[in-house]
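# Remarks on the overall topology
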Amino acid sequence: MAILGIHHVTAIATDPQTNVDFYAGTLGLRLVKRTVNFDDPGAYHFYYGDETGRPGTILTFFPWPMARRGQRGTGQATVTSFSVPEGSLGWWRERFAAHGVVAGDPEERFEEDAMVVLDPDGLMLELVAHAGVADVAPWAGAAVPERHAIRGFRSVTLAVQGYEKTAALLTGTLGFEPAGERRNRFRFRVGAGAAAADASGGPSGTAPGTLVDVVCSPDVAPGRVAAGTVHHVAWRVAGDAEQARWRAALAGEGLDVTPVLDRQYFHSIYFREPGGVLFEIATDSPGFALDEPVASLGEALKLPPWLEPHRERIAGVLPPITLPKPDGGEGAA
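Computed from a prediction, not measured in an experiment: that's the story for all the values here.

Procedures and definitions
- Residue numbers run consecutively from 1 along every chain, following the written order of its sequence.
- Per-residue local features are limited, in this predicted model, to residues with pLDDT of at least 70; the limit for side-chain atom pairs, both in listing and counting, is 80 or more; totals at the level of whole chains, interfaces and linings are taken over all residues.
- In computing side-chain properties, one takes all heavy atoms of the structure into account and sets aside hydrogens as well as water.
- Secondary structure counts use DSSP, requiring at least four H or I residues in a row for a helix and at least two E residues in a row for a strand, with both numbered from the N terminus.
- Here the globule rule is a power law, 2.2 Å times the number of residues to the power 0.38, and the radius of gyration is based on C-alpha atoms.
- Burial status follows relative accessibility: with a 1.4 Å probe on protein chains alone, a residue under 20% of its type maximum counts as buried, one over 50% as exposed, and anything between as partly exposed.
- Should any heavy atoms of two residues lie within 4.5 Å, those residues are considered in contact.
- Each accessible area is a Shrake-Rupley estimate made with a 1.4 Å probe; only the visible protein chains count as cover when residues are assessed.
- Only four residue types enter the charge count: Lys and Arg as positive, Asp and Glu as negative, with His and the chain ends excluded.
- Where a charge lies is defined by one atom per residue type, namely NZ (Lys), CZ (Arg), CG (Asp) and CD (Glu).
- We call Phe, Tyr and Trp rings a pair once their centres come within 6.5 Å, taking the six-membered ring for Trp, and we label the pair stacked below 30 degrees between planes, edge-to-face above 60, and tilted otherwise.
- A strand pair is defined by DSSP finding two or more bridges across the two strands.
- Whenever a helix is involved, its axis is fitted only over the stretch in contact; in every case the axis is a line through C-alpha atoms, and angles between N-to-C directions fall within 0 to 180 degrees.
- Definition used in this section: a nonpolar core is a set of buried Ala, Val, Leu, Ile, Met, Phe, Trp, Tyr and Cys residues joined via side-chain atoms within 4.5 Å.
- When a carboxyl oxygen of Asp or Glu is within 4 Å of a side-chain nitrogen of Lys or Arg, the pair counts as a salt bridge.
- We define a polar contact as two N or O atoms separated by no more than 3.5 Å, with the added condition that, inside protein, one atom must be a possible hydrogen donor and the other a possible acceptor, whereas residues neighbouring each other in sequence contribute only through side-chain atom pairs.
- Patch membership is restricted to residues that have no salt bridge and whose relative accessible area is over 30%. Joining uses 9 Å for like charges and 5 Å for the nonpolar side chains Val, Leu, Ile, Met, Phe, Trp and Tyr.

## Regarding the overall build of the chain
Scanning the chain from terminus to terminus reveals six helices and 18 strands. Its C-alpha radius of gyration of 19 Å places the chain within 12% of the 20 Å reference for a compact globule of 333 residues. Here the C-alpha coordinates of the chain stretch approximately 50 × 45 × 40 Å along the principal axes. Counting over 333 residues, the chain shows a buried share of 55%. A separation of at least 24 residues holds for 69% of the contacts in the chain among residues at least 6 apart in sequence. Summed over its atoms, the accessible surface of the chain is roughly 13600 Å², and 52% of this surface lies on carbon and sulfur atoms. The average position of the 29 basic charges and that of the 40 acidic charges among the side chains of the chain differ by 2 Å.

In structure tokens:
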């Protein structure tokens with residue numbers, strides 16, 4: 001019943017095309033699934049990741065064009081960090097400057113170099129250059145050279161007003177281990193995920209998304225989840241049996257946990273950790289190749305069986321989008 005690391009991070013955006021241009025174009029991620037918000041089928045749900053959409057590489061978005069701008073603060077995952085090979089940040093800084101993307105100067109943290117980046121809606125990202133990921137294959141179809149390409153998640157940062165209860169949940173319940181401390185920043189590493197081989201057969205210890213930073217910010221106001229903020233962080237487990245045991249364990253500790261929800265490509269349960277951040281535990285299976293081959297992931301609108309009878313009406317209200325070509329141009333979706 002081990003937590004294996006980050007499964008995905010879900011955030012809120014505004015314009016769908018602008019979102020695709022940035023994540024599939026500028027960042028070079030693959031749009032592995034184009035579907036709808038199952039709770040609001042009139043809006044898209046985009047999933048970006050590596051070639052197959054491995055857990056630990058997936059950043060997802062609900063793009064609501066009329067969404068108001070959110071506010072980063074406590075009770076949120078405030079930063080989503082991606083791994084890139086060592087020596088890549090200079091290339092990325094030039095790319096961001098050429099594309100008019102707001103990016104900061106690289107800073108050293110826990111013996112790694114991290115560069116803050118803002119997406120078009122103000123969502124805070126980081127590129128973290130570190131050892132151990134150069135041998136992990138990125139998506140070959142990206143508009144980014146392989147030697148600089150994103151290799152999945154490095155970590156997420158949780159902002160909380162007091163870190164002790166959040167830390168206790170991470171270490172005492174979810175199986176994380178302390179991995180460092182810098183002033184008000186406390187780093188934790190998921191033990192089982194960090195020690196395991198990468199799910200795609202990569203070197204031991206390179207499983208993506210095995211770190212979480214908790215930043216204690218007692219003087220920061222609570223955040224407001226809306227456009228440009230993270231909605232929730234999902235942690236990965238192997239399958240339904242492990243998820244059922246986690247649900248029982250979390251409920252036994254007095255946490256309010258949802259029933260299991262069918263998200264088509266994984267199954268989910270949700271709960272709030274003591275600092276207010278919405279957590280999900282999601283299964284690795286069945287995966288994104290469930291309803292389309294890997295070669296054509298993300299090219300067509302996919303709907304779950306219960307929405308398929310309404311395809312014509314749903315497709316009629318969704319704005320058309322185009323995917324970037326590998327050379328940086330645009331081709332018809």
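From this point, things continue past the structure.
## Thoughts on the packing of aromatic side chains
Counted by the stated rule, this structure contains 19 aromatic pairs. Ring pairs connect the aromatic residues Phe22, Tyr23, Tyr44, Phe46, Tyr48 and Phe61, which therefore count as one cluster.

## A short note on the sheet that holds strand E3 (residues 40–49)
Taking strand neighbours across the sheet as the criterion, the eight strands line up as E2-E3-E4-E1-E13-E16-E15-E14 in an open arrangement whose pairing is mixed. Both outer strands of the open sheet, strand E2 (30–37) and strand E14 (261–262), are each paired with one neighbouring strand and no more. Relative to E3, E2 runs antiparallel, the two sharing seven bridges. Note on E3: the bridge partner recorded for Arg34 is Phe46. Sheet strands in contact with helix H1 (residues 16–26) are strand E1 (6–13), E3 and strand E4 (58–63), and its direction is about 10° off that of E3.

## Observations regarding the nonpolar core
Formed by 70 residues in total, the largest nonpolar core has its most connected members in Tyr23 and Phe279. Sequence-distant contacts of Tyr23, that is, excluding residues within four places in its chain, are made with Gly28, Leu29, Tyr48, Leu59, Phe61, Asp119, Leu123 and Leu125. Membership of the second largest hydrophobic core comes to nine residues, among which are Tyr47, Ala234, Phe266 and Phe288.

## Comments concerning the side chain of Glu273
Note that Glu273 resides in the loop between strand E15 (267–272) and strand E16 (278–283). No salt bridge is formed by the buried Glu273. Its closest oppositely charged neighbour is Arg272, at 7.6 Å. Here Val277 takes part through its backbone nitrogen, which lies 2.9 Å from a polar atom of the side chain of Glu273. Those residues in contact with Glu273, other than ones at most four positions away along the chain, are Val160, Thr166, Leu169 and Phe279.

## Description of unusual backbone geometry
Residue Pro286 is bonded to the preceding Ser285 through a cis peptide linkage, with omega at 5°. With respect to the helices and strands, Pro286 occurs in the loop between E16 and helix H6 (311–317). Of note in the backbone geometry, Phe110 takes a positive phi value of approximately 50° without being a glycine. Among the structural elements, Phe110 can be located in the loop between strand E6 (107–109) and strand E7 (112–118). The class for Phe110 is buried, based on a relative accessible area of 11%. If you check the backbone angles, Arg183 has positive phi at about 55° while not being a glycine.

## Notes on the side chain of Thr166
Within the secondary structure, Thr166 sits in helix H3 (residues 164–173). What Thr166 contacts, discounting residues up to four positions off in sequence, is Leu158, Val160, Val214, Glu273, Pro274 and Gly275.

## Some points on a negative patch on the surface
A surface patch of like charges, here negative, comprises Glu86, Glu108, Glu111 and Asp113. Positionally, Glu111 belongs in the loop between E6 and E7.

## Focus on the sheet that holds strand E10 (residues 176–182)
Think of a sheet as strands paired side by side through backbone hydrogen bonds, with each pair either parallel or antiparallel. Taken together, the eight strands give an open sheet; going across it, the order is E6-E7-E8-E5-E9-E12-E11-E10, and neighbouring strands pair in mixed fashion. At either end of the open sheet lies a strand with only one pairing partner, and these are E6 and E10. With direction set aside, neighbouring strand axes in the sheet form an average angle of 30°. In this structure, strand E5 (residues 76–84) lies alongside strand E9 (residues 153–160), joined through six bridges in antiparallel fashion. Following the sheet pairing, Val79 is matched in E9 by Thr157.

## Structural notes on the pattern of salt bridges
Tallied over the entire structure, the rule returns 12 salt bridges. One salt bridge connects Arg263 with Asp39, and the closest N-O pair in it is separated by 3.9 Å. Residue Arg263 is located in the loop between E14 and E15, and its partner Asp39 is located in the loop between E2 and E3; the two are separated by 224 residues in the primary sequence. For Arg263, a relative accessible area of 16% corresponds to the buried category. Among the ionic pairs, Glu308 bridges to Arg311, the shortest N-O distance being 2.5 Å.

By themselves these figures say nothing about function.
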